[in-house]
Amino acid sequence: MEKISVGIIDIIIVLIYVGAIILWALKKGKSADSQSYFLAGRSMPWWIVGLSLFAASISSTTLIGQSGDAYHTGLAVFNYNLTGVVVMIFFAIFLLPLYIKSKVFTIPEFLEKRYDERSRYYFSAICIIGNIFLDAAGALYAAALIIKLIFPAANLQLIVIIFALIAASYTIPGGLSSAINAELIQAIILILGSVLLTCFCFIQGGDYFVELFQDNNILTKLIRPLDDPATPWPGLIVGMPILGIYFWANNQTLVQRVLSSKSIDEGRRGVILTGFLTISTLFIIAIPGVIARNLFPGLEKPDMVYPSMILNLMPVGLLGISLAALLSALISTLSAIMNATSTLFTMDFYSKLDKRSDSKNLVKIGKITSCVVILIAAVWAPQIGKFGSLLKYYQEMLSYISPPIVAAFILGVFNKRTNANGAFIGLISGLVVAVLLLFFKTHIFGNLHFLLIVPFLFTFSLIVIYIASLFSSKPSIEKLTNTTFSKEDFIEEYYSLKGGAWYKNYLVWSFILLIICALIWFIFR
């Protein structure tokens, strides 16, 4: 393992940054009632929603994982982000208004409002288990590995505990408001640090990327052949959008930030801002990862790419800012997961078991849950390296479970005949198929890329949910109110927006985003 040498000035910068984040977040915390604690009082403006959403979405997987993938396979990994931007627009137009109108605390709660509590419990349980053992523990483990690069003698478990305490120190007392306000600063530092690193990266090796691009090297291509091991081109159309909807529109950790917005319009503009910021990851993550092939050839582990760039390219002082940016990604993700998991358990399970519990007691339970979540994640995190195959199976299973969940949401919003029985049967059958695929995938699909398996699972779930719904009665009007798409409402909104200033129209900005996405795909086709 390579050792990263960090000067005292850089360490001081990082310590000041961490201390400032904690103090700022605690000052902005809200815990007077459940709405304040779990949803920041539904009072956040669009720019805070957008920056917070971006910071929460840029995890260790994004910074370390995507730069490593770019080093290994080229720009293809950016397709996930670019497709995600298109999904964000779909989310902002069709799903976001329904989430906010229905006044839900959690995304599984929306499933109960549209279907029944069975779907809510199932989805919430899946989210909680994944959040604790995969996302939170994974974030802690990634943070610990980075610190061990700097201080090889440091104890892994001790590092995990320190990071857990940092995230818990403001997230547990102040709730979502503390988390979001911390993410506001973290997003700024993350962008600043990444831009600085990108500049030094281009200064050192920008010519290498230009040469690759001029030679039409496959490393600079987003649209790849059908047999490409990274991203076969049909996967961009039929696979990534489905996984993108799950990540951006069904993920409590991210959508909770949107639910905190003070209006539908503020939420939409926040999501669009996140879309523009996500576009920037092409230049601050993907392209530098490709350039690193020339700067640091022969790295044993692609995950060493981002740390290697920070060590070798950043001067004293600026190295501290880059490390702070990396810590921002790790801590903000951990804080977001902790708060989301606390909300899921408290609102989806505890509030249903103790229906007499008042708002202040729910906040108390939420804080206790956060403590338990971070404790379990901290204990499990060091074990991740020992049970890599188990985690691989779990991640693979999640990619198989998500298409049925997306199918339940899509049919629920756009088809008024779909009912509770159909949704639950579709979700459970999807779970059964996911388990079977873990053992018999090669027998069923051979070596087919997982992005091309996703649409089969999605279509299967759509058919099961719809046909199963036909065997029981139509849902009541109550189940369809504020949970289904209305063409009339959309047309009315469209004409009302035409009368206002263009720069306040989220549809205009959505169109601009789509044009930018199309241009990027065209340029790097």
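Since this is a predicted model, take the numbers as computed values, not measurements.

Asker: Explanation requested: the layout of surface pockets in the structure shown.
Answerer: Vacant regions in the atomic arrangement are exposed by a probe of water-molecule size rolled over the atoms. Space inside the second largest pocket adds up to approximately 440 Å³. For the second largest pocket, the lining is made up of 22 residues, of which Val14, Leu15, Ile147, Phe151 and Leu327 are closest to its centre. Looking at the lining of the second largest pocket, the elements with two or more residues in it are α1 (8–27), α7 (117–150), α8 (156–214) and α15 (318–353). Tallying contributions element by element places α1 first for the lining of the second largest pocket, with 6 residues. Among the residues forming the lining of the second largest pocket, the class breakdown is 19 nonpolar, 2 polar and 1 charged.

Asker: Can you walk me through the nonpolar core in this structure?
Answerer: Note on soluble globular proteins: their nonpolar side chains tend to be buried together. Counting residues in each nonpolar core, the largest one holds 178 residues, and the members touching the most others are Leu75, Phe91, Tyr99, Leu140 and Met309. Among the elements that make up this core, the one with the highest residue count is α8 (21 residues). Setting aside residues no more than four positions away along its own chain, leucine 140 makes contact with Val160, Phe163, Ala164, Leu334, Ile374, Ala377, Ala378 and Ala381.

Asker: Whenever I open this one, the packing of α7 against helix α18 (residues 420–445) confuses me. Can you help?
Answerer: When two helices pack together, their arrangement is captured by the angle between the axes and the distance separating the axes. Between α7 and α18, the shortest axis-to-axis distance is 9 Å and the interhelical angle comes to 30 degrees. Here α18 runs roughly parallel to α7, going by the angle between their axes. As α7 packs across α18, the resulting crossing turns out to be left-handed. Facing Arg118, Ser119 and Tyr122 of α7, the residues of α18 in contact are Ala420, Asn421, Ala423, Phe424, Leu427, Ile428 and Leu431. When grouped by side-chain class, the residues that make up the contact of α7 with α18 number 7 nonpolar, 2 polar and 1 charged.

Asker: Teacher, can you tell me more about the pattern of salt bridges here?
Answerer: Considering all chains together, one arrives at 10 salt bridges under this definition. We note a salt bridge from arginine 118 to aspartate 116, for which the minimum N-O separation is 2.8 Å. Residue class for arginine 118 comes out partly exposed when judged on its relative accessible area of 31%. Note that arginine 257 and glutamate 183 form a salt bridge whose closest N and O atoms lie 2.8 Å from each other. Residue arginine 257 is located in helix α11 (residues 252–259), and its partner glutamate 183 is located in helix α8; the two are separated by 74 residues in the primary sequence.

Asker: Explain the packing of aromatic side chains to me, please; I cannot follow it from the model alone.
Answerer: Under the criterion given, the structure shown has 24 aromatic pairs. Ring geometry for phenylalanine 90 against phenylalanine 414: centres 6.1 Å apart, planes inclined by 40 degrees, an arrangement best described as tilted. With a gap of 324 residues between them, phenylalanine 90 in helix α5 (residues 78–101) and phenylalanine 414 in helix α17 (residues 388–414) connect regions that are remote in the sequence. Residue class for phenylalanine 414 comes out partly exposed when judged on its relative accessible area of 38%. Relative to phenylalanine 485, the ring of phenylalanine 94 has its centre 5.3 Å away and its plane inclined at 70 degrees; by these criteria the two rings are edge-to-face. With phenylalanine 94 in helix α5 and phenylalanine 485 in the loop between α20 (477–480) and α21 (487–498), the pair connects residues that are 391 residues apart, well separated along the chain. Residue phenylalanine 94 is classed as partly exposed on the basis of its relative accessible area, which comes to 22%. Cluster of aromatic residues (ring-pair linked, three or more members): Phe91, Tyr99, Phe110, Phe123, Tyr246 and Phe409. The ring centre of phenylalanine 522 lies 4.1 Å from the NZ or CZ of arginine 525, which sits over that ring.

Asker: Help me understand helix α22 (residues 506–523), please; the structure alone is not making it clear to me.
Answerer: Side chains three or four residues apart in an α-helix point the same way, a direct result of the helix having 3.6 residues per turn. With 18 residues, α22 extends 26 Å from end C-alpha to end C-alpha; this agrees with the ideal 26 Å at 1.5 Å per step. Taken as a whole, α22 has its buried residues at Tyr506, Leu507, Ser510, Leu513, Cys517, Ile520 and Trp521. Relative to the axis of α22, the buried residues are bounded by an arc of 140 degrees and lie together on one face. Opposite the buried face of α22, at more than 90 degrees from it, the exposed residues are Phe511 and Phe522. Those residues of α22 that are buried lie in contact with α5, α9 (233–238), α12 (264–279), α13 (281–295) and α21. The opening residue of α22 is asparagine 505, an N-cap whose side-chain oxygen sits 2.8 Å from the backbone nitrogen of leucine 507.

Rules and cut-offs
- Residues numbered from 1 in each chain as written.
- Predicted model: local features only at pLDDT ≥ 70, side-chain atom pairs only at ≥ 80, totals over all residues.
- Heavy atoms only, no water.
- 1 Å grid on protein atoms, 1.4 Å probe; cavity = no way out; pocket = protein on both sides within 12 Å on 5 of 7 lines; lining within 4 Å.
- Points joined across faces, edges and corners; volume = space filled by probe spheres on them.
- Helix = DSSP H or I, 4+ residues; strand = E, 2+ residues; numbered from the N terminus.
- Nonpolar A, V, L, I, M, F, W, Y, C, P; charged D, E, K, R; others polar.
- Core = buried A, V, L, I, M, F, W, Y, C linked by side-chain atoms within 4.5 Å.
- Buried < 20%, exposed > 50% of the residue type's maximum accessible area, 1.4 Å probe, protein only.
- Contact = heavy atoms within 4.5 Å.
- Axes fitted to C-alpha atoms, helices over the stretch in contact; angles between N-to-C directions.
- Parallel < 35°, antiparallel > 145°, perpendicular 65-115°, else oblique.
- Left-handed = near helix turned anticlockwise from the far one by under 90°.
- Salt bridge = Lys/Arg side-chain N within 4 Å of Asp/Glu carboxyl O.
- Phe/Tyr/Trp six-rings, centres within 6.5 Å; stacked < 30°, edge-to-face > 60°.
- Lys NZ or Arg CZ within 6 Å of the ring centre and 35° of its normal.
- Expected span 1.5 Å × (residues − 1).
- Arc of directions from axis to C-beta.
- Polar contact = N/O pair within 3.5 Å; in protein donor to acceptor, adjacent residues only side chain to side chain.

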